[in-house]
Amino acid sequence: MSLVTITENIIKLLRDYWQVFLLRGVSITLLLSVITVFFGAILGSLLAFARMSRFKMLRWPVAFFVELIRGTPILLQLYIGYFVAPQVFPFLGMSDFASIAVALIINSACYVSEIVRSGIQAVDKTQNEAARSLGLNPAQAMVLVVLPQAVKNILPALGNEFVMIIKETSLASTFFIGDLMTSYLTVKGKTFLSLESLIIVGAIYFVLTFSLSKIIGVYERRLKVSD
Amino acid sequence: MIETVHLTKYFGKLKVLDDISETIQQGEVVSIIGPSGSGKSTFLRCLNLLEVPTSGQVIFDGVNLTDKGTDINLHRQKMGMVFQQFNVFPHLSVKDNITLAPVLLKKKTKAEAGALADELLARVGMTDKAKEHPKKLSGGQKQRLAIVRALAMEPEVMLFDEPTSALDPEMVGEVLSVIKDLVKGGMTLIIVTHEMGFAREVSTRVLFMDEGRIQEQGTPEQIFVNPQSPRTQSFLSKVLR
Ligand SMILES: Nc1ncnc2c1ncn2[C@@H]1O[C@H](COP(=O)(O)OP(=O)(O)O)[C@@H](O)[C@H]1O
Ligand SMILES: [Mg+2]
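Here the structure is a predicted model, which is why all the values come from computation and not from measurement.

Trainee: Go over the interface of chain A and chain B, please, and point to the residues and values.
Mentor: Contacts between the two partners involve 19 residues from chain A and, on the opposite side, 22 residues from chain B. Surface buried jointly by chain A and chain B totals about 1,800 Å² across both partners, of which 60% is contributed by carbon and sulfur atoms. The largest per-residue losses of area from chain A upon contact with chain B belong to A:Glu129, A:Ser133 and A:Leu134, which jointly make up 34% of the total buried on that side. Applying the counting rule to chain A against chain B returns one salt bridge. A salt bridge links A:Glu129 to B:Arg45; its shortest N-O distance comes to 2.6 Å. At the boundary of chain A and chain B, one finds six residue pairs in polar contact (both at pLDDT 80 or more). Counting only elements with at least two residues in the side of chain A that touches chain B, the list comes to helix H5 (125-133) and helix H6 (138-168) of chain A. Take the side of chain A that touches chain B: its biggest share by element is seven residues, from H5(A). Classifying every residue of the side of chain A that touches chain B by side-chain character gives nine nonpolar, seven polar and three charged.

Here it is, written out as structure tokens:
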């Protein structure tokens, strides 16, 4: 197999299957990633606060759950989401996409909860004390004094999480839900051009994650300037 | 005004405050001196319950703060606190640092709080800094801001925990002079300090703490000129040299 043949094949694939890669593949990967990041961030923040709660009965189970998810392979969690969830909750009538999305969201939420928690804990605790000494209650001190400072630690890490998730959604192709990695499987099945399809898919992933990283970098520098 | 009754504080097994019963009256300027690690900060922080006493009581204006039913947030509004490390809010402008609590806690409208902030900033010579961000301030300016932020709640008493210890020497004076103005204004002050000259000059009473107890107390004259306890004598001989 010469470099020339490979290049020719890639061009051919792009011409014949660009819709599979770019329209279907990229859009489903991005959709899945955005949904995961968005709901993962919300659920993750709730988990973070639960884990910092005064109440042991809340703190301990949440801590256990977060560590459990972080300590087991994501692919295993996707299998559970795909096969087990629809059987446990048949009345929800979840599509494959929804089942996978829920599994990804839960997985991401557990990582995000640690990002949020460490972002908050990185704010000097004397800031909280100063706020409390003025008479602010714990919620007011958290929302008006600690969180605005924690956001500067949290947002960049959340951006990195987004990049990670774009890559991790590729595991969803195990269940043929039409993401970018699934488009590789589809095109390979039709053309038997495995390497060429992989190169195309890899290049698209790289463009996505690289440009996202750059955007985050710009944003991060702006945050730094503003503090 | 503030009374501690058998105030005791442990950090784990370490006894940091040992059965302190003390009363501070309105209008007093009380300096607390003593070697580091003797429990001065912990004592001060117990007064507004930033540290929760292990046992004993803190009574403020007749209210038992250590009682579970007491709304501590309400009472803290009347007790300003100034920290060694300033602890100004870095994400807010100088003025917003000052107006945050009075507006949020409904003590003042935004306009009233703003006017008071301007007046207080003028009093400490920082009018031109109102719109500035705290990171642009020197240490001395940060500490003056912290004092003004506490004053904006119009507290009945101010608690200072080594307000000049983190400052470069050339900035100590400007902060002490702000505190002296408060003394002239008749405010009740409790000041943990290593500035012995200052303590001697402004205090109505000096408490000497060591090993979690108030070992000796009296007027500045009594403590600095004629200390009775050997511990006080030894401490003063080291710091005054
Ligand atoms: N949060 C804390 N946890 C554990 N030990 C503490 C804490 N704060 C203070 N201590 C200990 O309590 C003792 C008294 O501290 P502190 O009140 O800060 O003394 P001072 O202000 O007189 O220097 C010291 O031995 C210090 O190490
Ligand atoms: Mg101290």
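Trainee: Which residues make up the confidence of the model for chain B, and what are the values?
Mentor: Here chain B shows a mean pLDDT of 94. Residues at 70 or above account for 100%. In the predicted complex, the global pTM is 0.84; the interface-specific ipTM is 0.91.

Trainee: How would you explain the sheet that holds strand E6 (residues 79-82) of chain B if you had to name every residue and give the values?
Mentor: Residues and elements named next belong to chain B. Strands sit in the order E6-E7-E8-E3-E9-E10 across an open sheet of six strands; the sheet is mixed. Strands at the two margins of the open sheet, each flanked by one partner only, are E6 and strand E10 (213-218). Averaged over all pairs of adjacent strands, the angle between their axes in this sheet comes to 20 degrees, without regard to strand direction. Relative to E10, strand E9 (residues 205-210) runs antiparallel, the two sharing five bridges. Looking across to E10, one finds that Met-209 is bridged to Ile-214. Running over the sheet, helix H5 (residues 139-151) touches E6 and strand E7 (157-161) and is turned about 170 degrees from E6.

Trainee: Explain a nonpolar patch on the surface to me, using residue names and the numbers behind them.
Mentor: Residue and element names in this part refer to chain A. Among the surface-exposed residues, Leu-75, Leu-76, Tyr-79, Ile-80, Phe-83, Val-84, Val-88, Phe-89, Phe-91 and Leu-92 lie close enough to one another that they form a single nonpolar patch of about 930 Å² accessible area. Tracing the backbone through its elements, the reader meets Leu-75 in helix H3 (residues 74-88). Its relative accessible area of 30% is what places Leu-75 among the partly exposed residues.

Trainee: I'd like a description of the pattern of salt bridges, backed by residues and values.
Mentor: All names here are of chain B. Scanning the model with the defined rule gives 20 salt bridges over all chains in all. Between Asp-128 and Lys-129 there is a salt bridge, with the nearest N and O atoms lying 3.8 Å from each other. By relative accessible area, which is 18% here, Lys-129 ends up buried.

Trainee: Outline helix H9 (residues 230-240) of chain B, listing residues and values.
Mentor: All names here are of chain B. Of all the residues in H9, the buried ones are Thr-232, Phe-235 and Leu-236. Angular distribution of buried residues about the axis of H9 spans 95 degrees; they occupy a single face of the element. Away from the buried face of H9 by more than 90 degrees, exposed residues Pro-230 and Lys-238 are located. The inward-facing, buried residues of H9 contact strand E3 (29-33), helix H7 (196-202), E9, E10 and helix H8 (220-225). N-cap assignment for H9: the residue whose side-chain oxygen lies 3.0 Å from the backbone N of Arg-231 is Ser-229.

Trainee: Residues and numbers for the nonpolar core, please.
Mentor: A general feature of soluble globular proteins is that nonpolar side chains tend to end up buried together. Core analysis: the largest hydrophobic core is formed by 39 residues, its most contacted members being A:Leu136, B:Ile2, B:Phe43, B:Leu47, B:Phe89, B:Val157 and B:Ile190. No other element matches the four residues that helix H1 (residues 40-47) of chain B contributes to this core. When sequence neighbours within four positions are dropped, the list of residues in contact with B:Ile190 reads B:Ile2, B:Ile24, B:Val30, B:Ile32, B:Leu44, B:Leu47, B:Val157, B:Met158, B:Leu159 and B:Phe160. Counting residues in hydrophobic clusters, the runner-up holds 36 residues, among them B:Ala130, B:Ala150, B:Met158 and B:Val202.

Trainee: Tell me about the site of ligand 1, and please be specific about residues and values.
Mentor: Residues and elements named next belong to chain B. In the vicinity of ligand 1, the residues found are Phe-11, Leu-14, Val-16, Pro-35, Ser-36, Gly-37, Ser-38, Gly-39, Lys-40, Ser-41 and Thr-42. A distance of 2.7 Å separates an oxygen atom of ligand 1 from a polar atom in the side chain of Ser-41. Between an oxygen atom of ligand 1 and a side-chain N or O atom of Thr-42, the distance comes to 2.5 Å. When ligand 1 is considered free in solution it has 550 Å² of accessible area, and contact with the protein chains removes 59% of it. Looking at the shell around ligand 1, the elements that each hand over two or more residues are strand E2 (14-24) and H1. Tallied by class, the residues present in the shell around ligand 1 amount to four nonpolar, six polar and one charged.

Trainee: Account for the side chain of B:Thr188, naming residues and giving values.
Mentor: Residue and element names in this part refer to chain B. As for its placement among the helices and strands, Thr-188 is situated in strand E8 (residues 188-192). In terms of polar contacts, Thr-188 uses its side chain to reach the backbone amide nitrogen of Gly-27, at 2.8 Å. Once you skip the residues sitting within four places of it in the chain, Thr-188 turns out to touch Met-1, Ile-24, Gln-25, Gln-26, Gly-27, Glu-28, Glu-156, Val-157 and Met-158.

Trainee: Tell me about the sheet that holds strand E4 (residues 55-60) of chain B, residues and numbers included.
Mentor: All names here are of chain B. Strand order in this open sheet of four strands is E2-E1-E4-E5, and the pairing throughout is antiparallel. Strands at the two margins of the open sheet, each flanked by one partner only, are E2 and strand E5 (63-64). Looking at chain direction, strand E1 (residues 2-11) and E2 are connected through seven bridges and run antiparallel. Across the sheet, residue Leu-7 finds its bridge partner in E2, namely Ile-20. Relative to the sheet, H1 contacts E1, E2 and E4, its axis offset from that of E1 by approximately 125 degrees.

Trainee: Quick one: what's the story with the side chain of B:Arg205, residue by residue and with numbers?
Mentor: Residue and element names in this part refer to chain B. For Arg-205, the location among the structural elements is in strand E9. Of the polar contacts made by the side chain of Arg-205, one reaches the side chain of Glu-28; its length is 2.7 Å. A distance of 2.5 Å separates a polar atom in the side chain of Arg-205 from a polar atom in the side chain of Gln-217. For Arg-205, the contacting residues outside a window of four places in its chain are Glu-22, Thr-23, Ile-24, Glu-28, Val-29, Val-30, Ser-31, Gln-217, Gly-218 and Pro-220.

Scoring rules and cut-offs
Residues numbered from 1 in each chain as written. Chains lettered and ligands numbered in written order. Predicted model: local features only at pLDDT ≥ 70, side-chain atom pairs only at ≥ 80, totals over all residues. Heavy atoms only, no water. Contact = heavy atoms within 4.5 Å. Buried area = accessible area lost by both parts, 1.4 Å probe. Salt bridge = Lys/Arg side-chain N within 4 Å of Asp/Glu carboxyl O. Polar contact = N/O pair within 3.5 Å; in protein donor to acceptor, adjacent residues only side chain to side chain. Helix = DSSP H or I, 4+ residues; strand = E, 2+ residues; numbered from the N terminus. Nonpolar A, V, L, I, M, F, W, Y, C, P; charged D, E, K, R; others polar. pLDDT = per-residue confidence, 0-100. Pairing = 2+ DSSP bridges. Axes fitted to C-alpha atoms, helices over the stretch in contact; angles between N-to-C directions. Patch = residues over 30% accessible without salt bridge, like charges linked within 9 Å, V, L, I, M, F, W, Y side chains within 5 Å. Areas by Shrake-Rupley, 256 points an atom, 1.4 Å probe, with all protein chains shown as cover. Buried < 20%, exposed > 50% of the residue type's maximum accessible area, 1.4 Å probe, protein only. Arc of directions from axis to C-beta. Core = buried A, V, L, I, M, F, W, Y, C linked by side-chain atoms within 4.5 Å. Near = heavy atom within 4 Å.

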